[in-house]
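Analysis of the macromolecular model
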Amino acid sequence: MSLILDGAMGTELNRRGVNTELPLWTADSNILYPDLVQSIHEDYIQSGADIITTNTFRTTSWTYKRAGYTDIISEKRAKKSLYSAVACAHKASKGSVKIAGSITSLNDCYIPSNFPGRNVAIDVYGQTLDWLIDSGVDVILFETMGSFEEIDVALSLASKYEKPIWLSVIMKDAKLILDGTPIEKILFLAN
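Let us look at the structure shown here.

Definitions and limits used
Residues numbered from 1 in each chain as written. Predicted model: local features only at pLDDT ≥ 70, side-chain atom pairs only at ≥ 80, totals over all residues. Heavy atoms only, no water. Helix = DSSP H or I, 4+ residues; strand = E, 2+ residues; numbered from the N terminus. Rg over C-alpha atoms; globule rule 2.2 N^0.38 Å. Buried < 20%, exposed > 50% of the residue type's maximum accessible area, 1.4 Å probe, protein only. Contact = heavy atoms within 4.5 Å. Areas by Shrake-Rupley, 256 points an atom, 1.4 Å probe, with all protein chains shown as cover. Lys, Arg positive; Asp, Glu negative; His and termini not counted. Charge placed at Lys NZ, Arg CZ, Asp CG, Glu CD. Pairing = 2+ DSSP bridges. Right-handed = clockwise from strand over helix to strand, strands pointing away. Expected span 1.5 Å × (residues − 1). Arc of directions from axis to C-beta.

Some words on the overall build of the protein chain
Counting secondary structure elements, the protein chain contains eight helices and four strands. Against the compact-globule benchmark of 16 Å for 191 residues, the protein chain has a radius of gyration of 16 Å, which places it among compact chains. If you line up the protein chain on its principal axes, its C-alpha atoms span 45 × 40 × 30 Å. Taken over 191 residues, the protein chain has a buried fraction of 49%. Here the contacts in the protein chain between residues at least 6 apart in sequence split such that 73% fall between residues at least 24 apart. When the accessible surface of the protein chain is totalled, it reaches about 9,400 Å², and 53% of it is carbon and sulfur. The positive charge centre, built from 18 side chains, and the negative charge centre, built from 23, are 3 Å apart in the protein chain.

Structural data, given as structure tokens:
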């Protein structure tokens with residue numbers, strides 16, 4: 001059985017006039033432009049997507065802290081953005097397609113050496129996964145991961161939930177992920 005996954009959310013938001021600067025990228029779009037986020041999901045569903053990806057790529061308290069918010073405001077804003085993103089996906093889906101809850105690396109996914117460490121990852125991924133599960137996603141999707149240690153933490157935490165877990169990695173070459181870890185080591189973690 002083959003399934004069609006939707007396309008990029010950030011690219012579509014940019015194309016439709018939303019400024020998506022790092023570190024938040026598209027996270028605030030869920031709060032400021034929920035109708036637009038929902039509309040993009042609807043367009044992907046109309047184009048034949050069987051699975052839509054929530055606009056939660058950067059909706060973590062860690063990302064909001066990096067954007068300069070206090071700890072308390074970061075957590076509140078991240079939670080509001082994440083729940084809004086999943087609500088947009090549910091409204092667009094109307095139960096017709098599966099919803100994948102997206103999480104990415106904590107810092108720049110193209111620079112694995114920026115991984116802030118296991119303790120930060122355990123806290124942030126744990127919180128984000130709890131919110132995603134509570135909000136009703138069908139699949140947990142870790143996107144653009146390039147650090148073995150970060151993947152290890154993410155998959156370990158996600159394994160306690162009774163949801164399918166999907167992993168998207170960035171490759172350095174045909175045999176190594178971005179941080180130089182052999183892909184076989186990642187495949188071992190995923191089993």
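Comments concerning the pairing of strand β4 (residues 165–169)
Judged from the four bridges that link them, strand β3 (residues 139–145) and β4 form a sheet pairing that is parallel. Its bridge partner lying in β4, leucine 141 is registered against tryptophan 166. Since β3 and β4 lie parallel, the crossover through helix α7 (residues 148–158) that links them has a hand, and here it is right-handed.

Points about helix α3 (residues 34–46)
An ideal rise of 1.5 Å per residue puts 18 Å on 13 residues; α3 measures up with 18 Å between its terminal C-alpha atoms. Along α3, the positions that sit buried rather than exposed are Val37, Gln38, Ile40, His41, Tyr44 and Ile45. Across the axial projection of α3, the buried residues extend over an arc of 155°, all falling on one side. Away from its buried face by more than 90 degrees, α3 exposes Asp35 and Gln46. Turning to α3, the residues buried within the fold contact α1 (10–15), α2 (29–32), β1 (51–53) and α5 (71–93). Two residues or fewer past α3, glycine 48 is found with a positive phi of approximately 110°.

Looking at helix α6 (residues 118–135)
Here α6 contains 18 residues, and its C-alpha end-to-end distance of 25 Å stays within 8% of the 26 Å for a straight helix at 1.5 Å per residue. Residues of α6 that are buried in the fold lie against α4 (61–66), α5, β2 (98–104), β3 and α7.

Observations regarding unusual backbone geometry
A cis amide bond links leucine 22 with the next residue in sequence, proline 23, at an omega value of 10°. Looking at the element boundaries, proline 23 is found in the loop between α1 and α2. Here tryptophan 25, not a glycine, exhibits a phi torsion of approximately 55°, which is positive. As for its position among the elements, tryptophan 25 is in the loop between α1 and α2. For lysine 94, which is not glycine, the phi dihedral falls at a positive 50°. Here lysine 94 shows up in the loop between α5 and β2. The class for lysine 94 is exposed, based on a relative accessible area of 68%.

Functional significance is not addressed by these values, which are geometric in nature.
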